[in-house]
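# Residue-level structure breakdown
Below are the chains, spelled out letter by letter.
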Amino acid sequence: YKPDQMGFYEATVEVPKNMYLPPLPVVEKIGQSEKLIFPTGRFSGVWSTIELEYARSLGVKIIETRRGCTFHNAGYIFRDFVNTLYDMRKEAQAKGDGVGSTLTKLLMNSCYGRFGLNTDREQIVFDNWRDTSLKFHSEIEYVKEGRPVSTYLMTKDVVLEKTFTNVAIPAWVTSHARIHMHKIMWKAKSEIYYTDTDSIFTTKKMETGNELGELKEEYRAKKAVFLLPKTYVVEGEDDFKKLAMKGFDKKKIGKFTYRDFYTALEGDLRNMQVVHDAKFAKFKTAAKKGNLTSMVGSQVKGIRSMYDKRVIIKTKDKWNTRPLHIKEGFAE
C-alpha cells in the first residue's frame, strides 16, 4: 500500500459507529436492490488512496489493504480546459447569455465522465437466425404485398474500440469531489438536511463566493421536505416554491403541496401520484411488442418507496437520520 501515490486499493476499513457523516462510500444490498451508501462499521471495498487517507484523518481505521493499482501523476490535466470554460461561462452570465452559460456548464460537467464510458455494449441488428452467435431480442410482424411477414431483431455484443477511456481518471476526479463535499458537510454536521452532487441544504451559515469550487447561495427557504434523492419541495417568502421529483413529468407535479410531501414523509404515499399521458413507446419497448409504432397507454405513476440510505429517526415532531451500520456483513 503506497498512500503517497495516485492509486486504488481493495481494502477493509472500520468506521466508528458514532460518526454522523461517514466519508467512505460502498455498494451494499438494501432491500431488493444494491445502493451506494456511506455506512459505519467494518466493511470492504475499493477506494482511492486520497479517500482512504482522508478517512484515516477523521478516525477511520484501515484494517487491511490488498491488491491495488497505482498511476503516474501527469499533473492537472483538465485545469486549462476547465479554467477557460469557466471564464467563458462568467462572461456569458455577465452578458445575460443563458444559452452560452448553460453550454459551457454542460461542457465542463460532461468532460471527465466520458473517460469512464463503458465500452462493452449491446447492439440491436436485423437477422433472420443466420448468425447463431446472436441472441434473440424480439419479432416484428408486418404486411408485405398483402402477405404477413416476420423479421427478427437480435442483440450483438460489441466493444467500442475507438472510444478512448480510462476509468481511473473519472474515479480520481470523483474521489476529490466527494472529499471536497464532505469537508463542507463536516462543518455543518447535523444542520444538513439534504445534499446532492454539488449542493447542500443547511441552516448553518456557510462561506460563499463566485469562484470555481466555492459555495454560492441559490435561494433561501422557510420550510422544506426531502423525501428521496432529487425528490423534495422547498417553500419560501413571496410564494417562492421549488419542487423536484425525478422521473415525473414536470408539468404534472406542480399540483403537489408542502402538505402532500409532509404526509408522504409520515408514510402515507397515496397522494403522491400523477397520470402520465399516452405516448409512443421507445424503440426497445416497441420492438418487444412487435410493433415499432406501438403506443404506451396512460399510466398512473407514484412514489412507492421510502428513503433507505440512512436510518430515519423521529422523536415527537423532530426528524433526524443516522448512517446505516454494517455488522457481520449486513447493513442495519
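Keep in mind that what you see is a predicted model, and the values were worked out from it rather than measured. (Residues numbered from 1 in each chain as written. Predicted model: local features only at pLDDT ≥ 70, side-chain atom pairs only at ≥ 80, totals over all residues. Heavy atoms only, no water.)

### Some thoughts on a nonpolar patch on the surface
Counted only if it meets this: Patch criteria: residues need more than 30% relative accessible area and no salt bridge. Like-charged residues are merged within 9 Å; nonpolar side chains of Val, Leu, Ile, Met, Phe, Trp and Tyr are merged within 5 Å. Areas reported as accessible are Shrake-Rupley estimates using a 1.4 Å probe. Residue values count occlusion only from the protein chains shown. A pairing counts as a salt bridge when a side-chain nitrogen of Lys or Arg comes within 4 Å of a carboxyl oxygen of Asp or Glu. In DSSP terms, a helix is any run of H or I states spanning at least four residues, a strand is any run of E spanning at least two, and both are numbered starting from the N terminus. The buried label applies to any residue whose accessible area, calculated with a 1.4 Å probe on protein chains only, is under 20% of its type's maximum; exposed applies above 50%, and partly exposed to all values in between.
A cluster of nonpolar side chains, namely Val27, Leu36 and Phe38, defines an oily patch on the protein surface of about 230 Å² accessible area. Counting through the fold element by element, Val27 comes out in strand 2 (residues 26–30). When its relative accessible area of 49% is taken as the criterion, Val27 is described as partly exposed.

### Brief notes about the packing of aromatic side chains
Note on aromatic pairs: each is described by the distance of the centres and the angle between the planes. Rule in force here: Aromatic contacts are taken between Phe, Tyr and Trp rings whose centres are within 6.5 Å, Trp giving its six-membered ring; a plane angle under 30 degrees counts as stacked, one over 60 as edge-to-face, and the others as tilted. Should the NZ of a Lys or the CZ of an Arg lie within 6 Å of a ring centre and within 35 degrees of the ring normal, that charge is described as sitting over the ring.
A complete count under the given rule lists 16 aromatic pairs for this structure. With a centroid separation of 5.8 Å and 70 degrees between ring planes, the pair formed by Tyr194 and Phe201 is classed as edge-to-face. Grouping residues by exposure puts Tyr194 and Phe201 together as buried. Their ring planes at 55 degrees and their centres at 5.0 Å tell us that Phe201 and Phe226 sit as a pair that is tilted. Placement of the pair is Phe201 in strand 10 (residues 199–202) and Phe226 in strand 11 (residues 223–228), with a sequence separation of 25 residues. An aromatic cluster is present here, built from Tyr194, Phe201, Tyr219, Phe226, Tyr232 and Phe240 joined pairwise through their rings. The ring of Phe248 carries the charged tip of Lys301 above its face, separated from the ring centre by 5.1 Å.

### Focus: the layout of surface pockets
Note the cut-off: Put simply, the grid is 1 Å and covers the protein atoms alone, a cavity is a trapped set of points that fit a 1.4 Å probe, a pocket is an open set with protein on both sides within 12 Å along at least five of seven lines, and lining residues have an atom within 4 Å of a point. Grid points are joined across faces, edges and corners, and a volume is the space filled by probe spheres set on the points. As a working rule, the residues Ala, Val, Leu, Ile, Met, Phe, Trp, Tyr, Cys and Pro are called nonpolar, Asp, Glu, Lys and Arg charged, and the rest polar, with Gly in that last group.
Computed from the structure, the second largest pocket encloses a volume of approximately 200 Å³. Lining the second largest pocket, in full, are His180, Lys183, Ile184, Lys187, Lys205, Met206, Glu207, Gly213, Glu214 and Leu215. Along the lines of polarity and charge, the residues of the lining of the second largest pocket split into three nonpolar, two polar and five charged.

### Here we look at the sheet that holds strand 8 (residues 147–159)
Pairing between sheet strands relies on hydrogen bonds along the backbone, with the strands arranged either parallel or antiparallel. Selection criterion: Should DSSP find at least two bridges between two strands, the strands are taken to pair. Axis definition: a line fit to C-alpha positions, over the contact stretch in the case of helices; interaxial angles, taken between N-to-C directions, run 0 to 180 degrees.
Strand order in the open sheet formed by three strands is 6-8-7, with antiparallel pairing between adjacent strands. The open sheet has two edge strands with one neighbour each: strand 6 (120–126) and strand 7 (135–144). The sheet shows a mean angle of 25 degrees between the axes of neighbouring strands, taken without regard to direction. Where strand 6 and strand 8 come together, seven bridges link them in antiparallel fashion. The residue bridging Arg121 from the neighbouring strand is Val158, located in strand 8.

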